[in-house]
Number of protein chains: 2
Amino acid sequence: MDVKGYLAGISKRARQASYSVAKASTEEKNRLLKEMAKALREKSDYIIQENEKDLLYAKEHNLSKAMQDRLLLNKARIEAMAVSLEEIAALKDPVGEVISAWRNKDDLWIHKVRVPIGVIGIIYESRPNVTSDCIGLCIKSGNAVILRGGKEAINSNLAIFKTLKAVLENSSISSDVISFVETTDRSAVAEMLRQVGFIDLIIPRGGEGLIRFVTENSLVPVIKHYKGVCHEFVDASADIDMAVDICLNAKVQRPGVCNAIEKIIVHRDIAREFIPKVAKALKDAGVEIRGCQETVGIVDCVLAEEDDWYEEYLDLKIAIKVVDSLQDAIEWINQHSSHHSDGIITSDYESAMRFTREVDSAAVYVNASTRFTDGGVFGLGAEIGISTDKLHARGPMGVEELTTYKYIIFGEGQVRK
Amino acid sequence: MDVKGYLAGISKRARQASYSVAKASTEEKNRLLKEMAKALREKSDYIIQENEKDLLYAKEHNLSKAMQDRLLLNKARIEAMAVSLEEIAALKDPVGEVISAWRNKDDLWIHKVRVPIGVIGIIYESRPNVTSDCIGLCIKSGNAVILRGGKEAINSNLAIFKTLKAVLENSSISSDVISFVETTDRSAVAEMLRQVGFIDLIIPRGGEGLIRFVTENSLVPVIKHYKGVCHEFVDASADIDMAVDICLNAKVQRPGVCNAIEKIIVHRDIAREFIPKVAKALKDAGVEIRGCQETVGIVDCVLAEEDDWYEEYLDLKIAIKVVDSLQDAIEWINQHSSHHSDGIITSDYESAMRFTREVDSAAVYVNASTRFTDGGVFGLGAEIGISTDKLHARGPMGVEELTTYKYIIFGEGQVRK
């Protein structure tokens, strides 16, 4: 297969089609999303049948139970995908919003207007529902989308994609607005990253290896959905029961996600009281504890190595570190965090204000679990992911973050003096 | 010189220092900017003396007269740099603005707050005043900045940099907040582009070669300040006198800048009336005309080659193209424009609205010269440049565009169910 020519063709058609979805009306886009939801329900037997091929492959190749569960599609999961498309249809259309407008000294009417980005490339490894979620979010925000999923889910992804594509083929919007890279050849990813002028943004969602490959090789701008090495800092003045509850929730409520905590930082003044209590609660929940030298002196646990302070376990493991002051906690977190979500537990007002001001992360919490970092929970609607980058979008990335703006200027013959 | 170690050291110190300027008060930053303005005035003899070394180099190496003029610093130009710093001091501080805030269903107080990006790397080839402008804009927006200027201006840039650095050394903000790459070794640029985790954003300002090198090699996110291949489309219903005035202004008022037009697109229905008039006005102003086959049949000019439709002349040259319809004009512009600034001249309301909706450029004009695309003229204050990218910042980029945001969440013990 000529991967280079194949990707160039997809990208060129997506660019052309992007103008058709960019100018589509809100009603047109919402009608399409609702029809897509209906199609998923109608084709659920076909999708489940294709999904069985991926499950068989997973069993034959001894993929982990967790991975097999992530791959599985059943009636309930397909229904959830359909509902998600309907929820996206119900969101406010971000396109066309006048962000601000004014008249300048030349008497020009200047408008800053929200517009789609153009063509979004999504490279993902995760669950097949990402296919329909991303298609829904990109259409709602007026963008064309090119999807590249992992080879483990290729049959499921293609079945979902074809079902949604068929709906587009009966609409006034060009069906090239959604594309799926049908080859699992790894060189297809490299080719996607070279489509300058055709793809406007690449969003990689997956493991460290994928993210690193994309960042190092892309000529197209990238917004990373990278790891979450999240911290709770338990200040000297923390309410101990609240601190134990929050740390336990943030670690064990769902340990495999990016907004779960991986580290607890403890103020020295409260360490001897707090650490035994949190350690008991964590151990009772099956969590393995690694600690700094001081922690090891307080409770029975393994001594942490340097790598432990940077690692995203995504598992029932946690590392605990004792520090001398709020200042040291802030510096430690700014140096070791992946800048996703970090929190303080304190009853001191000044500590709370200073921590939120000085910790440089996408979401900074006072007295609440980091598990709340999520577009839906925040109230932003469905999310395409959580950006760990600082430019364009930071934190939960929904339909608004899939747009940019342009200036529209109305004059009456003005020239520059 | 160990360029790799040198850049790593600068970048690490800039990251550390960035926290000190990020939390500086508005008053502190403004006082600093005003003292910097004062220092430029006091040290003007020293700066002019250092500038003479660059002018001598330029003469010895037969740099163009235009280039020599861009390099020249005199009392008036240094005064303009000082005034610019005072104007930046007078701008509203973007840092700390609450962009939006709400309570979610978990009763969390969620705030989206404007914060500095962190460390900005600026790679430029142009005039020495860029040194002080960028330092001013970055300090105002709470960022640390690493500057890398062209070798032609190295003595002037260093004199300005050292003058401003001395002011910082007597302040409460770390002087590592501003750095200048003192080696002109090209490998220093490549090293800057690798400072992931230390530099947050690279802004290249310069010729196509520089921009391409930066885009292809940077591991750090880049916002390009690329070329302006700007168009005026003269619609069938255009007021001919207005169209001639605007095209003339947009081409000749200052031909060497990115918001000057390079192409005129003309609706066939008005071509035989409009083209002779605009051609006369342009020729009288010394502009060389290249035309499509049709244009060549109407006025005496050179036949344009394929490359002419993509070229940024930055000179008294223009290319004229006849099209059949508004639709064709929009498609032509979306394909050939650099997406900087493009305009329509029309008296038809529907054409105006459709053109502004469908042309995919940072600034889209109706009945006004493209020369207005400028942060100061728009009313946004001083600009660090004009972004031709779509992500994060599009069009004029001022202090607000040098910021990002974070979410600050206040809770009272909430955990996720």
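Considerations on the overall build of chain A
Next up, step 1: Across its full length, chain A carries 15 helices and 16 strands.
Next up, step 2: Relative to a compact globule of 417 residues, whose C-alpha radius of gyration would be 22 Å, chain A shows 24 Å and is just as compact.
Next up, step 3: Taken along its principal axes, the extent of the C-alpha atoms in chain A is 70 × 70 × 35 Å.
Next up, step 4: When burial is assessed residue by residue, chain A has 53% of its 417 residues classed as buried.
Next up, step 5: Across chain A, contacts joining residues at least 24 apart in sequence account for 72% of those joining residues at least 6 apart.

Side note on the environment of Ala159 of chain A
Next up, step 1: Among the structural elements, Ala159 of chain A can be located in helix H7 (residues 154-169).
Next up, step 2: The residues touching Ala159 of chain A, leaving out its near neighbours within four places in the chain, are Tyr46, Ile47 and Glu50 of chain A.

What to know about the interface of chain A and chain B
Buried accessible area, meaning the area lost when the parts come together, often serves as the stated size of an interface.
Next up, step 1: Taken together, the contact between chain A and chain B spans 57 residues of the former and 57 residues of the latter.
Next up, step 2: Contributions of two or more residues to the side of chain A that touches chain B are made by helix H9 (208-217), helix H10 (240-252), helix H14 (349-358), strand E13 (363-368), helix H15 (375-378) and strand E16 (403-414) of chain A.
Next up, step 3: In terms of residue count, E16 of chain A provides more of the side of chain A that touches chain B than any other element does, 11 residues in total.
Next up, step 4: Residue composition of the side of chain A that touches chain B, by class: 26 nonpolar, 17 polar and 14 charged.
Next up, step 5: Where E13 of chain A and strand E16 (residues 403-414) of chain B come together, 5 bridges link them in parallel fashion. Its bridge partner lying in E16 of chain B, Tyr365 of chain A is registered against Ile409 of chain B.

Some points on the domain arrangement of chain A
Residues and elements named next belong to chain A.
Next up, step 1: Looking at the assigned domains, one finds that chain A contains domain 1 (3-226 + 389-410) and domain 2 (230-376).
Next up, step 2: Each of domain 1 and domain 2 was reduced to a C-alpha centroid, and the two centroids are 35 Å apart.
Next up, step 3: Taken together, the 5 residues of domain 1 in the interface contact 6 residues of domain 2.
Next up, step 4: Looking at the side of domain 1 that touches domain 2 residue by residue, the classes come out as 2 nonpolar, 2 polar and 1 charged.

Observations regarding the sheet that holds strand E12 (residues 341-345) of chain B
Next up, step 1: The 10 strands lie next to each other as E1(A)-E2(A)-E16(A)-E13(B)-E12(B)-E7(B)-E8(B)-E11(B)-E9(B)-E10(B), forming an open sheet whose pairing is mixed. A strand with exactly one partner marks an edge of an open sheet, and here the two such strands are strand E1 (98-103) of chain A together with strand E10 (302-303) of chain B.
Next up, step 2: When strand E8 (residues 261-267) of chain B meets strand E11 (residues 317-323) of chain B, the two strands line up parallel, connected through 5 bridges. Bridge pairing links Val266 of chain B to Val322 of chain B in E11 of chain B.
Next up, step 3: Taken strand by strand, helix H14 (residues 349-358) of chain B contacts E16 of chain A together with strand E7 (230-234), E12 and strand E13 (363-368) of chain B, and its axis lies near 160° from that of E13 of chain B.

Some thoughts on the relation of the copies chain A and chain B
Next up, step 1: When chain A is fitted to chain B, the residual RMSD is 0.0 Å, and the transformation amounts to a turn of 180° plus an axial shift of 0.0 Å. Viewed as a symmetry operation, the transformation between the two copies matches a two-fold axis. Within chain A, His392 of chain A has its C-alpha nearest the rotation axis, a separation of 1.9 Å.
Next up, step 2: With an isologous cut-off of 70% or more, the 100% of interface residues of chain A that recur at the interface of chain B puts this contact in the isologous class.

A few points about the pairing of E11 of chain B
Residues and elements named next belong to chain B.
Next up, step 1: Taken across its 7 residues, E11 has 6 buried, putting it largely inside the fold.
Next up, step 2: Alignment of strand E9 (residues 288-291) against E11, held across 4 bridges, turns out to be parallel. Across the sheet, Ile289 pairs through a bridge with Ile318, a residue of E11.

Things to note about helix H7 (residues 154-169) of chain B
Residue and element names in this part refer to chain B.
Next up, step 1: Over its 16 residues, H7 extends 22 Å from the first C-alpha to the last, a length consistent with the 22 Å expected when each residue adds 1.5 Å.
Next up, step 2: Listing the buried residues of H7 in full gives Ile154, Asn155, Ser156, Asn157, Ala159, Ile160, Phe161, Thr163, Leu164, Val167 and Leu168.
Next up, step 3: Against helix H2 (26-42), helix H3 (44-60), helix H4 (65-71), helix H6 (129-140), strand E4 (144-148) and strand E5 (178-180) lie the buried residues of H7.

Here we look at the packing of helix H10 (residues 240-252) of chain B against helix H11 (residues 268-284) of chain B
Residues and elements named next belong to chain B.
Next up, step 1: Closest axis-to-axis distance for the H10/H11 pair is 10 Å, and the angle between their directions is 40°. Judged by the sense of rotation from one axis to the other, the crossing of H10 with H11 is right-handed. For the pair H10 and H11, the contacting residues are Ile240, Ala243, Val244, Cys247, Leu248 and Lys251 in the first and Glu273, Phe274, Lys277, Val278, Ala281 and Leu282 in the second.
Next up, step 2: Tallied by class, the residues present in the contact of H10 with H11 amount to 9 nonpolar, no polar and 3 charged.

Observations regarding the packing of H6 of chain B against H7 of chain B
All names here are of chain B.
Next up, step 1: Relative orientation of the contacting elements H6 and H7 amounts to 30°, with a least axis distance of 8 Å. When the axes of H6 and H7 are compared, the pair comes out roughly parallel. The two elements H6 and H7 meet at a crossing, and its hand is right-handed. Contacts from Thr131, Ser132 and Ile135 of H6 reach H7 at Asn157, Ile160, Phe161 and Leu164.
Next up, step 2: Its residues placed into classes, the contact of H6 with H7 shows 4 nonpolar, 3 polar and no charged.

Looking at the nonpolar core
Next up, step 1: Residues Val145 and Ile202 of chain A together with Val145 and Ile202 of chain B are the most contacted members of the largest nonpolar core, which totals 145 residues.
Next up, step 2: In this view, Val145 of chain A contacts Ile120, Ile122, Cys134, Ile135, Cys138 and Ile178 of chain A; residues no more than four positions away in its chain are not counted.
Next up, step 3: Counting 55 residues, the second-largest nonpolar core is a separate cluster that includes Cys230, Ile264, Ile275 and Ile345 of chain B.

Let's talk about the sheet that holds E5 of chain B
Residues and elements named next belong to chain B.
Next up, step 1: If you walk across this open sheet you meet the 4 strands as E5-E4-E3-E6, and the pairing is parallel. Of all strands in the sheet, those with a lone pairing partner are E5 and strand E6 (201-205), marking the two edges. Pairs of neighbouring strands in the sheet enclose a mean axial angle of 15°, with direction left out of account.
Next up, step 2: Direction of pairing for strand E3 (residues 119-124) relative to E4: parallel, over a ladder of 5 bridges. Within the sheet, the bridge partner assigned to Val119 lies in E4 and is Ala144.
Next up, step 3: Seen against the sheet, helix H1 (residues 3-22) touches E3, E4 and E5 and runs at an angle of roughly 145° to E4.
Next up, step 4: Its contacts with the sheet put H7 on E4 and E5, and the angle it makes with E5 is roughly 155°.

Let's talk about the pairing of E16 of chain A
Next up, step 1: When strand E2 (residues 109-116) of chain A meets E16 of chain A, the two strands line up antiparallel, connected through 8 bridges. Within E16 of chain A, the position partnered with His111 of chain A by the bridge is Ile408 of chain A.

With respect to the environment of Glu86 of chain B
All names here are of chain B.
Next up, step 1: Secondary-structure assignment places Glu86 in helix H5 (residues 75-90).
Next up, step 2: With 322 residues separating them along the chain, Glu86 and Ile408 place their C-alpha atoms 32 Å apart.
Next up, step 3: Once residues within four sequence positions are removed from consideration, Glu86 is found in contact with Lys34 and Ala37.

Focus on H14 of chain B
Next up, step 1: The complete set of buried residues in H14 of chain B reads Ser351, Ala352, Phe355 and Thr356 of chain B. The buried residues of H14 of chain B occupy an angular sector of 125° when projected down its axis, which confines them to one face. Exposed residues pointing more than 90 degrees away from the buried face of H14 of chain B are listed as Tyr349 and Glu350 of chain B.
Next up, step 2: Where H14 of chain B is buried, its residues contact E16 of chain A together with E7, helix H13 (326-336), E12 and E13 of chain B.

Cut-off values and rules
Residues numbered from 1 in each chain as written. Chains lettered and ligands numbered in written order. Predicted model: local features only at pLDDT ≥ 70, side-chain atom pairs only at ≥ 80, totals over all residues. Helix = DSSP H or I, 4+ residues; strand = E, 2+ residues; numbered from the N terminus. Rg over C-alpha atoms; globule rule 2.2 N^0.38 Å. Buried ≥ 20, exposed ≤ 12 C-beta atoms within 10 Å, placed from the backbone. Contact = placed C-beta atoms within 7 Å. Nonpolar A, V, L, I, M, F, W, Y, C, P; charged D, E, K, R; others polar. Pairing = 2+ DSSP bridges. Domains from an automatic or database assignment. Axes fitted to C-alpha atoms, helices over the stretch in contact; angles between N-to-C directions. Least-squares fit on C-alpha atoms with pLDDT ≥ 70 in both. Expected span 1.5 Å × (residues − 1). Left-handed = near helix turned anticlockwise from the far one by under 90°. Parallel < 35°, antiparallel > 145°, perpendicular 65-115°, else oblique. Core = buried A, V, L, I, M, F, W, Y, C linked by C-beta atoms within 7 Å. Arc of directions from axis to C-beta.

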